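A closer look at the structure
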There are 2 protein chains.
Amino acid sequence: MRVLGVIVEYNPLHHGHLYHLNKAKELVQPDYTLAVMSGNFTQRGEPAVVDKFARTEMALRSGIDVVVELPTVFAIQDAGGFAFGAVAILHNTHVVTDVVFGSESGKIDILKKIAEIIVEEPEDYVEYLHQELKKGLSFPNARRVAIMRYVEKKRILDPTLVDIIARSNDILGLEYLVSAYRLKTSMKFHTIRRIGADYTEQHHRGKYSSATAIRNSIKSQDMEKVKEAVPSQTFEILMREFREGRGPIFYEDLSVLILATFRALKRSDLSDYAGFNEGLDERFAKYAPRSRDALDLLEKVKTKRFTFSRLRRLSLYPILMMRKDLVNSSNKKGPQYLRILGFTKKGRKLLAIIREKALLPHVTNASQYIQVLKKSLKKERFMHIDPSLFIEQFELDVRATNIHSVFFRSEEHRSYERDMRLGPVIIQK
Amino acid sequence: MRVLGVIVEYNPLHHGHLYHLNKAKELVQPDYTLAVMSGNFTQRGEPAVVDKFARTEMALRSGIDVVVELPTVFAIQDAGGFAFGAVAILHNTHVVTDVVFGSESGKIDILKKIAEIIVEEPEDYVEYLHQELKKGLSFPNARRVAIMRYVEKKRILDPTLVDIIARSNDILGLEYLVSAYRLKTSMKFHTIRRIGADYTEQHHRGKYSSATAIRNSIKSQDMEKVKEAVPSQTFEILMREFREGRGPIFYEDLSVLILATFRALKRSDLSDYAGFNEGLDERFAKYAPRSRDALDLLEKVKTKRFTFSRLRRLSLYPILMMRKDLVNSSNKKGPQYLRILGFTKKGRKLLAIIREKALLPHVTNASQYIQVLKKSLKKERFMHIDPSLFIEQFELDVRATNIHSVFFRSEEHRSYERDMRLGPVIIQK
């Protein structure tokens, strides 16, 4: 049995995603396809434009059989944390055989060689990395230069090939491979070249517009452009969500919450949260009272050392109460459960297999998570589970949903406690 | 030298306030008048409709010579904490000789007798109080009944007279007297009957409308009614503030911030803040994800045991990071500084006397507060100051200003760090 695993955000699902999914299926010829998907906040440090249940439905109606939530603690970390969580979820299903990811380069062999260096940490490479970081380069840049110098010295690769990891999807792909090495997973990794716009591309590019461009079209209520760029099922779901008052939600909607929260926090309070180091605690505390809104705050805090996405992610940690301890233990112990967001009729069969084989307990009804944990602790297969980490990770996902829904226009949906009251999305096809 | 002290919020200053001030001056014939005033959040648990600098100007242009800020940690506590902070500020100026407060009853002797019982805590009274609290009465009600039973038994007073402390200003006046006893102050207390509407009165009542009714008129943009109810100088200041984009600000404006903050906090996190006891931690945590907005949350949390104002005050503590430790030490050690918000030309002379005599250091430029503290610690007169409590109280006031200004329409004023960059309000008259 072959099971294809994909790592997605689908914010929202567009033609580029669908193309990638179909290409991946052609390549792997899977019996089933499973996606691990960010929940209500994404790796760019933004609230998802529509919530995770709607995006699950988009996935299921586009050829995914089972959608598992990437726990928030991983979804809003840097590429390394995101990748570790996502690959660990796929690995722990214990049914996924092949993972396909999109990349700008499409060069799996080079990415694998680079990943190997990163995992094995040869002395010279570590030395180069320290040197580059000292020069004030951001971590991804310092790492790229250090690897270039290393492969040049050791004559492993043409150093110019290392340049591929300057691009966002190659960086992410590299991190998937690093996590795969670390987890010693038997899953096979493939990459296919992305088509269409870079996902950071701001502007509409017709059928193959980036998710960012599509969100911008939604923001400016240019629904014709959105319609062009997404499959019809995505468009229907988006329109239904907007009509029902469940979105669209943008980072800017959180502006007052973020600005007021940072004005309330002292520099020393920020040390409770991950990533407020390298002077960032001081900069956030200093500029919060002097900023017009959340984006202005990020711009004032920014130096060339930090990417904007990183700062935007950091700005979410205090409002979601995502504390450093939780991040650190999660990065050590990995995800503690498989939250099933939805499945098709066919996916139900895969779920039955997962139930037998997975290395983590799965939660299909969020309101039952404590019962799931209790039962799991009795099974030898789940002896490695850390019960308090399970609870902390799960409660963060629930908090993220409840905070996301504060920004729904509909009062009814805003007060619905969605995680506790909605079951998984089930598509009968 | 006689110095009149008054305890005010001026949210906003209206004809009733002016009447009270002039009556108080007739009674005391003071050389100077000093007000202690709430800053940017008030005892009803609301943001002030316009900020403390604008309200200071209203006071100075209406016959007050010096305005001192009531530190936020006291301003948004219950009547007891509010009164303790305010009376301690007046006492610590060491120049105020007479305090006049408004009350529904106007009966100082009865209030003093009741205050004496509360301070001296005779055994029978304490026993009655416990009995009434056990029945589930709110604290003010339980106390009233216990005092009634006590004075009846001891034949100190006609018990029906105790009923006066059912009304909000008599309750507050009683707390002033309790604090005065506890501080063993030599200041003389007087009360005069309030005229016009009760301050909780929602509706416009012409010239003598309550501050609540005036804020409601502002909310519904009925500026003709506002004009009728406030002195012309207040009206001018209000209009200027609104024109400049600095208000009006209402509790409802904080709704998203409050709702999202409570959705982020676990029940156990709430124990960091004062007052989340008697099951309130559980109720806030339970209802936050199920509420449409902040007012809906308070309504869902409410039982007959709690007043709405109490719940609204509690809802501010997490967003201002006003922690239990700070409240407890403040209620033990009192205010640690006199923050001078403004003064008239005449008031400058009083300030010179305060500089020599006060039992607390005074801060006229907030940006200098650390320097003021350092200098003060060298003076024997200020040996009783707790430096870390000074800093904590002061930083809370600054936070409160910065969080209040998040809700200004004007981006310029929203990002101005008002406490750090505005000096005291000075009126040349």
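Everything numeric here is computed off the predicted structure, so don't read it as measured data. (Residues numbered from 1 in each chain as written. Chains lettered and ligands numbered in written order. Predicted model: local features only at pLDDT ≥ 70, side-chain atom pairs only at ≥ 80, totals over all residues. Heavy atoms only, no water.)

1. Digging into the pairing of strand 2 (residues 32-38) of chain B
Residues and elements named next belong to chain B. Most of strand 2 sits out of view: seven of its seven residues are buried. The alternating pattern of strand 2 places Tyr-32, Leu-34, Val-36 and Ser-38 on one face and Thr-33, Ala-35 and Met-37 on the opposite face, and all of these are buried. Two elements, strand 1 (residues 3-8) and strand 2, share six bridges in a ladder whose sense is parallel. Note on strand 2: the bridge partner recorded for Ile-7 is Val-36. The handedness of the strand 1 to strand 2 crossover, carried by helix 1 (residues 15-28), is right-handed. (Buried < 20%, exposed > 50% of the residue type's maximum accessible area, 1.4 Å probe, protein only. Helix = DSSP H or I, 4+ residues; strand = E, 2+ residues; numbered from the N terminus. Pairing = 2+ DSSP bridges. Right-handed = clockwise from strand over helix to strand, strands pointing away.)

2. Considering helix 15 (residues 294-301) of chain B
All names here are of chain B. For helix 15, every residue scored as buried is listed here: Ala-294, Asp-296, Leu-297, Leu-298 and Val-301. Each element contacted by the buried residues of helix 15 is listed here: helix 12 (255-264), helix 14 (280-287) and helix 16 (308-320). Put simply, Asp-293 is the residue that caps the front of helix 15, since its side-chain oxygen is 3.3 Å from the backbone nitrogen of Leu-295. (Contact = heavy atoms within 4.5 Å. Polar contact = N/O pair within 3.5 Å; in protein donor to acceptor, adjacent residues only side chain to side chain.)

3. Topic: helix 11 (residues 232-243) of chain B
Here helix 11 of chain B contains 12 residues, and its C-alpha end-to-end distance of 16 Å stays within 8% of the 16 Å for a straight helix at 1.5 Å per residue. Inspection of helix 11 of chain B places Gln-233, Thr-234, Phe-235, Ile-237, Leu-238, Glu-241 and Phe-242 of chain B among the buried residues, and these make up the whole buried set. (Expected span 1.5 Å × (residues − 1).)

4. Description of unusual backbone geometry
Between Asn-11 of chain B and the following residue, Pro-12 of chain B, the backbone shows a cis peptide bond with an omega angle of -5°. Between Gly-247 of chain B and Pro-248 of chain B the backbone carries a cis peptide bond, its omega angle lying at 0°. The phi dihedral of His-94 of chain A is positive, around 60°, even though this residue is not glycine. Residue placement: His-94 of chain A occurs in the loop between helix 4 (79-93) and strand 4 (98-103). Assessed through its relative accessible area of 40%, His-94 of chain A is described here as partly exposed.

5. Side note on the interface of chain A and chain B
Each partner contributes residues to the interface: chain A has 31 residues there, and chain B has 31 residues. Both sides of the chain A and chain B interface together cover about 2700 Å² of buried area, and 59% of this is carbon and sulfur. Viewed at the interface, chain B and chain A are joined by eight salt bridges. Glu-417 of chain B serves as the salt-bridge partner of Arg-290 of chain A, at 2.9 Å between the closest nitrogen and oxygen. Our enumeration of links across chain A and chain B arrives at 14 residue pairs in polar contact (both at pLDDT 80 or more). Elements that contribute at least two residues to the side of chain A that touches chain B include exactly helix 12 (255-264), helix 20 (387-405) and helix 21 (411-414) of chain A. (Buried area = accessible area lost by both parts, 1.4 Å probe. Salt bridge = Lys/Arg side-chain N within 4 Å of Asp/Glu carboxyl O.)

6. So, the side chain of Glu-9 of chain B
Residue and element names in this part refer to chain B. Mapped onto the elements of the fold, Glu-9 is located in the loop between strand 1 and helix 1. For the buried Glu-9, which has no salt bridge, the nearest side chain bearing the opposite charge is Arg-55, at an N-O separation of 6.2 Å. A polar contact is formed between the side chain of Glu-9 and the side chain of Ser-38, at a distance of 2.6 Å. Separated by 3.0 Å, the side chain of Glu-9 and the backbone nitrogen of Gln-43 make a polar contact. (Lys, Arg positive; Asp, Glu negative; His and termini not counted.)

7. So, a positive patch on the surface
Residues and elements named next belong to chain A. A cluster of basic residues, Arg-355, Lys-374, Lys-375, Lys-378 and Lys-379, forms a positive patch on the protein surface. Tracing the backbone through its elements, the reader meets Lys-379 in the loop between helix 19 (369-377) and helix 20. The exposure class of Lys-379 is partly exposed, given its relative accessible area of 42%. (Patch = residues over 30% accessible without salt bridge, like charges linked within 9 Å, V, L, I, M, F, W, Y side chains within 5 Å. Areas by Shrake-Rupley, 256 points an atom, 1.4 Å probe, with all protein chains shown as cover. Charge placed at Lys NZ, Arg CZ, Asp CG, Glu CD.)

8. Topic: empty space enclosed by the protein
Residue and element names in this part refer to chain A. Following the criterion strictly, the structure yields one cavity of 30 Å³ or more and no others. What the largest cavity holds in volume is close to 660 Å³. Taken together, 35 residues form the lining of the largest cavity, with Ile-7, Glu-9, His-17, Asn-169 and Arg-194 sitting closest to its centre. Elements with a minimum of two residues in the lining of the largest cavity: strand 1 (3-8), helix 1 (15-28), strand 4, helix 8 (168-183) and helix 9 (211-219). Tallied by class, the residues present in the lining of the largest cavity amount to 17 nonpolar, 13 polar and five charged. (1 Å grid on protein atoms, 1.4 Å probe; cavity = no way out; pocket = protein on both sides within 12 Å on 5 of 7 lines; lining within 4 Å. Points joined across faces, edges and corners; volume = space filled by probe spheres on them. Nonpolar A, V, L, I, M, F, W, Y, C, P; charged D, E, K, R; others polar.)

9. Points about the packing of helix 5 (residues 108-120) of chain B against helix 8 (residues 168-183) of chain B
Residue and element names in this part refer to chain B. Where helix 5 contacts helix 8, the axes come no closer than 9 Å and their chain directions differ by 55°. When the axes of helix 5 and helix 8 are compared, the pair comes out oblique. With respect to the hand of their crossing, helix 5 and helix 8 are arranged in right-handed fashion. Across the interface between the two elements, Ile-108, Leu-111, Lys-112, Ile-114, Ala-115, Glu-116, Ile-118 and Val-119 from helix 5 touch Asp-170, Leu-174, Leu-177, Val-178, Tyr-181 and Arg-182 from helix 8. (Axes fitted to C-alpha atoms, helices over the stretch in contact; angles between N-to-C directions. Parallel < 35°, antiparallel > 145°, perpendicular 65-115°, else oblique. Left-handed = near helix turned anticlockwise from the far one by under 90°.)

10. Description of the domain arrangement of chain A
Residues and elements named next belong to chain A. The domain architecture assigned to chain A consists of domain 1 (3-104 + 192-249 + 331-427), domain 2 (108-166) and domain 3 (251-323). Each of domain 1 and domain 3 was reduced to a C-alpha centroid, and the two centroids are 26 Å apart. Listed by partner, the interface residues are 19 residues for domain 1 and 14 residues for domain 3. Taken over both partners, the interface formed by domain 1 and domain 3 buries close to 1500 Å², and the fraction arising from carbon and sulfur atoms is 64%. Counting every contact that joins domain 1 to domain 3 gives two salt bridges. In this structure, the salt-bridge partner of Lys-219 is Glu-252, at a minimum N-O distance of 3.2 Å. Of all the secondary-structure elements, those providing two or more residues to the side of domain 1 that touches domain 3 are helix 3 (72-75) and helix 20. (Domains from an automatic or database assignment.)

11. Overview of the pattern of salt bridges
Tallied over the entire structure, the rule returns 74 salt bridges over all chains. Between Lys-23 of chain A and Glu-26 of chain A there is a salt bridge, and its shortest N-O distance comes to 3.9 Å. Pair noted here: Lys-23 of chain A and Glu-26 of chain A are both in helix 1, with a separation of three residues, about one helical turn. Here Arg-310 of chain B and Glu-278 of chain B are joined by a salt bridge, their closest N and O atoms 3.0 Å apart. On the criterion of sequence distance, the pair formed by Arg-310 of chain B in helix 16 and Glu-278 of chain B in the loop between helix 13 (267-270) and helix 14 is long-range, its members being 32 residues apart. Linked by salt bridges that have partners in common, Glu-57, Arg-61, Glu-236, Arg-240, Glu-241, Glu-244 and Arg-246 of chain A make up one network.

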